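# Topology and contacts: notes
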Amino acid sequence: MKLHVDLKENGYDIYMEKGILYRLNDHIQLNRKVMIITDTGVPNSYAQTVKEQCKEGYVHVVEAGESSKSMEVFQQLCEDLLEHNFSRKDCVIALGGGVVGDLSGFVAASYMRGIDFIQIPTTTLSQIDSSIGGKVAINLDDVKNIVGAFYQPKVVFIDTDTLLTLPKRHFYNGLVEALKAGLIYDEKLFALFEEEDIPAHLEEIIYRALCVKKAVVEADEKELGLRKILNFGHTIGHAIESYYHLSQYLHGECVAMGMLYFMSEDVQKRVLPIYKRMHLQSDVPYDSDEVFEILCKDKKASGDHVTVVKVNTIGKAELKEWKLSDVRHILKG
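Quick caveat, the model's predicted, so the values are computed rather than measured.

## A look at unusual backbone geometry
Trans peptide bonds make up most of the peptide bonds, and negative phi angles are found at most residues other than glycine. The phi dihedral of Arg 113 falls on the positive side, at around 60 degrees, and the residue is not glycine. In this fold, Arg 113 is placed in the loop between helix H3 (98–110) and strand E6 (116–121). Judged by its relative accessible area of 75%, Arg 113 falls in the exposed class. Even without being glycine, Glu 223 reaches a positive phi, approximately 60 degrees.

## Points about the pattern of salt bridges
Overall, the coordinates contain 19 salt bridges when judged by the stated rule. A salt bridge links Glu 66 to Lys 144; the shortest N-O distance between them is 2.6 Å. A residue pair is termed long-range when its members are at least 10 positions apart, and Glu 66 in the loop between strand E4 (56–62) and helix H2 (71–83) and Lys 144 in strand E8 (residues 143–150) qualify at 78 residues. Both residues of the pair, Glu 66 and Lys 144, count as buried. Between Asp 102 and Lys 69 there is a salt bridge; the shortest N-O distance is 2.8 Å. In this pair, Asp 102 is assigned in helix H3 and Lys 69 in the loop between E4 and H2, connecting sequence segments 33 residues apart. Lys 69 carries the same exposure label as Asp 102, and that label is buried. The structure contains a network of salt bridges with shared partners spanning Glu 66, Lys 69, Asp 102, Lys 144 and Glu 241.

## Side note on H2
Between its first and last C-alpha, H2 extends 18 Å over 13 residues, near the 18 Å set by a 1.5 Å rise per residue. Its buried side turned inward, H2 meets strand E3 (33–39), E4, strand E5 (91–96), H3 and strand E7 (135–140). The positive-phi residue at the C-terminal boundary of H2 is Asn 85, with phi of around 55 degrees.

## Remarks on the pairing of E3
Counting buried residues in E3 gives seven out of seven residues, a clear majority hidden from the surface. Because side chains alternate across E3, one face comprises the buried residues Lys 33, Met 35, Ile 37 and Asp 39, and the other comprises Val 34, Ile 36 and Thr 38, equally buried. Judged from the seven bridges that link them, E3 and E4 form a sheet pairing that is parallel. Among the inter-strand pairings, Met 35 is bridged to a residue of E4, identified as Tyr 58.

## Some details on the side chain of Thr 122
As for its position among the elements, Thr 122 is in the loop between E6 and helix H4 (124–130). Beyond its immediate chain neighbours, meaning those up to four positions away, Thr 122 contacts Val 42, Tyr 46, Leu 95, Gly 96, Gly 97, Gln 127, Thr 162, Leu 163 and Leu 166.

## Re the sheet that holds E3
Taking strand neighbours across the sheet as the criterion, the seven strands line up as E1-E2-E9-E6-E5-E3-E4 in an open arrangement whose pairing is mixed. Among the strands making up the open sheet, the edge pair consists of strand E1 (2–5) and E4. The mean inter-strand angle of the sheet, taken between neighbouring strand axes irrespective of direction, is 20 degrees. Packed on one face of the sheet, H2 meets E3, E4 and E5 and runs near 165 degrees to E4. H3 rests against E3, E4, E5 and E6 of the sheet, and its axis sits at about 170 degrees to E5.

## A few points about the packing of aromatic side chains
All told, the structure shown has seven aromatic pairs when counted by the stated rule. With a centroid separation of 4.9 Å and 80 degrees between ring planes, the pair formed by Tyr 244 and Tyr 249 is classed as edge-to-face. No difference in accessibility class separates Tyr 244 from Tyr 249, as the two residues are buried. Through a chain of ring-to-ring contacts, the aromatic side chains of Tyr 243, Tyr 244 and Tyr 249 assemble into a single cluster.

Rules and cut-offs
- Residues numbered from 1 in each chain as written.
- Predicted model: local features only at pLDDT ≥ 70, side-chain atom pairs only at ≥ 80, totals over all residues.
- Heavy atoms only, no water.
- Helix = DSSP H or I, 4+ residues; strand = E, 2+ residues; numbered from the N terminus.
- Buried < 20%, exposed > 50% of the residue type's maximum accessible area, 1.4 Å probe, protein only.
- Salt bridge = Lys/Arg side-chain N within 4 Å of Asp/Glu carboxyl O.
- Expected span 1.5 Å × (residues − 1).
- Contact = heavy atoms within 4.5 Å.
- Pairing = 2+ DSSP bridges.
- Axes fitted to C-alpha atoms, helices over the stretch in contact; angles between N-to-C directions.
- Phe/Tyr/Trp six-rings, centres within 6.5 Å; stacked < 30°, edge-to-face > 60°.

What follows is the structure, given as structure tokens:
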């Protein structure tokens, strides 16, 4: 199965196929230096499988978790590229989840002002969301994704067999982004979560979620308008994630909590049973003043206003300009 993200000169293909991890050379030229960036949570056999297909491959393993999206690790990776004399003709492969993809993409965007970047996402979160769209970033002082760029991959390879090694918590964490896509854009995708066995319809869920993100990114690559709907749940979700120092709760879990603040009661009544099936919490304790202070540093905030995404009807998102004081009010409940 192939999708093409049409961004003119920045366009690229997404290949979704079981076992494609072993057939990369059928689709991309690896007859050059390749830095495979992965983390300790990804089976070593995946990295070796990719390396064996490269003429000159190097593997750099970072620690799993948000702590690797740091200036320090970013510098180490750039130094590794420099030490191995990587040129603009060479490339970086991100092999892992969202952390690896965001970090590797920012390295590729920055080194020599940009070298080729290939995404091989291995988690539900990265296959559904973070591997496409070109948002790459690192964190700074617990503020998530505050230093980054828009930098599109050359190609994305999605091998759903890699999801077999995921713990259940990480599996459902990533599926929150697909549920979000259904809520903001695709009523039929939402229906798969509401009416069907979720694991049994995994490939269809991933495909429909990819189609949502493809359509939105094609219409608004640099997030000047429509693409902001993809931030549904993220305004407060990112702040909760940062409040817990990017460690205690996973990204999707925090987005799930964040979405509840911006949907109608009718929508919420349909969503909460899905959360229960996906083993997601609907709320966690936090200091509302501290969460609000973090939120004010978010890149989505502008002056005393922030753009929020509201869902009052399944499959339809609305962008609203709110005063930050309004957000503070709902945080205090």
